[in-house]
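Residues per chain, in single letters:
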Amino acid sequence: MDYSVRNIYGKTNNKPVEVEVPGSKSVTARAMLIAAVAQGESVLHGAQFSNDCLTFINCLHALGIECSVDGGTGDIHIKGCGGKLDRKEARVYVGNAGTAARFIPAFLAFQEGKYEVCCAEQMSKRPIKPLLDALQQIGAKITYLEGEGKYPFVIEGTRNPAPDVEVDIEESSQFLSGLLIASVCVPEALSVICKGVHGLEYVRMTVEMLRSFNADIVQSGNTYTVFGECHGRDYGIEPDMSAAAYFYAANKILGTSIRVKGADTAVLQGDSKFIKLLPGFNGGTIDMSGFSDQALTLAAIAPYLSKPTRITGVQHIRRQECDRIHAICDNLYFMGIQKEEYMDGVKIWPGQPRPAEIEPFGDHRVAMAFAITGLRADGITVHNAEVCSKTFKDYFTVLDDLCGKLTAK
């Protein structure tokens, strides 16, 4: 579907509005895998039910993990395997879910079994080889079915892994997070050494969550040593701060008072830093490596800031659902906004966007971010707006409702 954004600039009331967003995708995915490898049962409250997270649940089902959703509360109940799968053979489909695509193979590398892992076409173009190289270091056997270093493949795990492993996180910190969670499957201590330059906010999230499930992790420089097992528990999922950021970006360009329910108490997600940055930021150079999902959001509102904005440190977002730097530049061009593209980011000059059709390139975050631009410009239409279902199925319904409340007399 195409979505025509409503320009409400100068038409808003002064009333505060509260918005509710789904639970964090990043926290939900980590909590599901940690619960799956833990001893005992866990109940996850406030989980996200986007396409990505439903794909993760299907992966756990395929591996024989007891996992169910309470229709009344929406809670996810997971009975952990204690680090050892009973099912020794399975075919697992990770779809286009990046977190599942990195976490599930790491988990399987520590199992005594043979598992075929495949994905959607778009996911097959995203990086996975550094993780698979690391899994082979620990003793897992990888058989590639269509091409070396990419999906699909068969993985045969080991219950006697090497005591340490090195993983290159230049292309994704999820490689490290997946290994850290999977390491609790090993009775002995296992050390994971990371190399490469990448923001570690999501790794810190992983470490804190593992500790909350009773795992013991010691960090020394770039080495993480994991001891002991996880124990099931009741666990509350924070609201998705990546989703919340769009509404705080709207505040920035409209002068409104939108608040996201639960955002004030979220502590695990790096995107909280972006929300805190917004009130005082009116252009300049900013390294966004620590909250790179918001590079799109900042680019989408940069035309309305008082000074040029230079976004740096996000070269890796070229290898996500699409080349996000290229998507930024293309859509700014469509809107007549001056920009300059760099390998690790973009510079954007202030200007009033002209009517344009936004191309999301199949990327949920492109669609959601540039919809915010249209709240202060005429004639902005987002093509294929349904791609938002990857993480926030009702985003455009929520946006419509918000615009109604902000302009009500």
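One can find the structure itself at the top, above this paragraph.
For clarity, every value in this text was computed on a predicted model and none was experimentally measured.

What about the overall build of the chain?
What the chain contains, in helices and strands, is 12 helices and 21 strands. On C-alpha atoms alone, the chain measures out to a radius of gyration of 21 Å, which is about the 22 Å that the 2.2 N^0.38 rule sets for 409 residues. Expressed as a percentage of the 409 residues in the chain, the buried residues total 60%. Taking as baseline every contact in the chain between residues at least 6 positions apart, the subset at least 24 positions apart corresponds to 74%. Summed over its atoms, the accessible surface of the chain is roughly 15600 Å², and 46% of this surface lies on carbon and sulfur atoms. Where the 41 positive side-chain charges of the chain centre and where its 48 negative ones centre are 4 Å apart.

With respect to the environment of Ile286
Among the structural elements, Ile286 can be located in strand S16 (residues 284–287). Taking the C-alpha atoms as reference points, Ile286 and Phe56, 230 residues apart in sequence, are found 33 Å from one another. Ile286 has contacts with Leu277, Phe281, Phe291, Leu298, Arg310, Ile311 and Thr312, leaving out every residue within four places of it along the chain.

What about the pattern of salt bridges?
Summed over all chains, the structure comprises 22 salt bridges. Among the ionic pairs, Glu321 bridges to Arg126, the shortest N-O distance being 3.7 Å. On the criterion of sequence distance, the pair formed by Glu321 in the loop between strand S17 (309–312) and helix H10 (324–334) and Arg126 in the loop between strand S7 (114–118) and helix H4 (129–138) is long-range, its members being 195 residues apart. Considered together, Glu321 and Arg126 belong to a single accessibility category, that of buried residues. Look at the salt bridges and you will find they share partners, linking Lys25, Asp52, Arg126, Asp293, Glu321, Arg324, Asp363, Arg365 and Lys390 into a network.

Quick notes on a nonpolar patch on the surface
Together, Phe49, Leu54 and Val69 make up an exposed nonpolar region whose accessible area comes to about 230 Å². Here Phe49 is to be found in the loop between strand S3 (41–45) and helix H2 (51–62). Residue classification places Phe49 among the partly exposed residues on the basis of a relative accessible area of 34%.

So, the packing of aromatic side chains
Scanning all chains against the criterion turns up nine aromatic pairs. Judged by centre distance (4.7 Å) and plane angle (40 degrees), the ring pair of Tyr151 and Phe153 falls under tilted. The same class applies to Tyr151 as to Phe153, namely buried. The ring of Phe213 carries the charged tip of Arg233 above its face, separated from the ring centre by 5.8 Å. A cation over a ring is seen here: Arg376 above Tyr9, with NZ or CZ 4.1 Å from the ring centre.

Some words on the state of the cysteines
For the coordinates displayed, the defined rule picks out zero disulfides. Cys59 provides the cysteine sulfur closest to Cys67, a residue in no disulfide bond, and the two sulfurs are 11 Å apart. With relative accessibility at 11%, the residue Cys67 sits in the buried group. This cysteine, Cys185, is not joined by any disulfide, and Cys81 carries the nearest cysteine sulfur, 6.0 Å off.

What about unusual backbone geometry?
When glycine is set aside, most residues are seen to have a negative phi, and most peptide bonds are trans. Along the chain, Tyr151 connects to Pro152 via a cis peptide bond; the corresponding omega equals -10 degrees. Within the secondary structure, Pro152 is located in the loop between strand S8 (141–144) and strand S9 (153–156).

Overview of the sheet that holds strand S18 (residues 339–342)
The sheet built from four strands is open, its strands ordered S16-S17-S19-S18 with mixed pairing. Edge positions in the open sheet fall to S16 and S18, since each of these has one partner strand only. Shown here is a sheet whose adjacent strand axes are inclined to one another by a mean of 10 degrees, direction ignored. Pairing geometry for S16 and S17, over four bridges, is parallel. Bridge assignment links Ile286 to a residue of S17, and that residue is Ile311. Packing against the sheet, H10 makes contact with S18 and strand S19 (345–348), and its axis sits at approximately 165 degrees to S18.

Quick word on the pairing of strand S5 (residues 76–79)
Covered by surrounding structure in S5 are Ile76 and Ile78 only, the residues His77 and Lys79 on the alternate face being uncovered. Alignment of S3 against S5, held across four bridges, turns out to be antiparallel. By the bridge assignment, Val43 is partnered in S5 with His77. Here strand S4 (residues 66–69) runs beside S5; their pairing, made up of four bridges, is antiparallel. Within S5, the residue paired with Glu66 across the bridge is Lys79. Following S4, the chain reverses through six residues before pairing antiparallel with S5; Gly74 in that reversal takes a positive phi of roughly 80 degrees.

Cut-off values and rules
Residues numbered from 1 in each chain as written. Predicted model: local features only at pLDDT ≥ 70, side-chain atom pairs only at ≥ 80, totals over all residues. Heavy atoms only, no water. Helix = DSSP H or I, 4+ residues; strand = E, 2+ residues; numbered from the N terminus. Rg over C-alpha atoms; globule rule 2.2 N^0.38 Å. Buried < 20%, exposed > 50% of the residue type's maximum accessible area, 1.4 Å probe, protein only. Contact = heavy atoms within 4.5 Å. Areas by Shrake-Rupley, 256 points an atom, 1.4 Å probe, with all protein chains shown as cover. Lys, Arg positive; Asp, Glu negative; His and termini not counted. Charge placed at Lys NZ, Arg CZ, Asp CG, Glu CD. Salt bridge = Lys/Arg side-chain N within 4 Å of Asp/Glu carboxyl O. Patch = residues over 30% accessible without salt bridge, like charges linked within 9 Å, V, L, I, M, F, W, Y side chains within 5 Å. Phe/Tyr/Trp six-rings, centres within 6.5 Å; stacked < 30°, edge-to-face > 60°. Lys NZ or Arg CZ within 6 Å of the ring centre and 35° of its normal. Disulfide = S-S within 2.5 Å. Pairing = 2+ DSSP bridges. Axes fitted to C-alpha atoms, helices over the stretch in contact; angles between N-to-C directions.

Function cannot be read off these values alone, since they describe shape.
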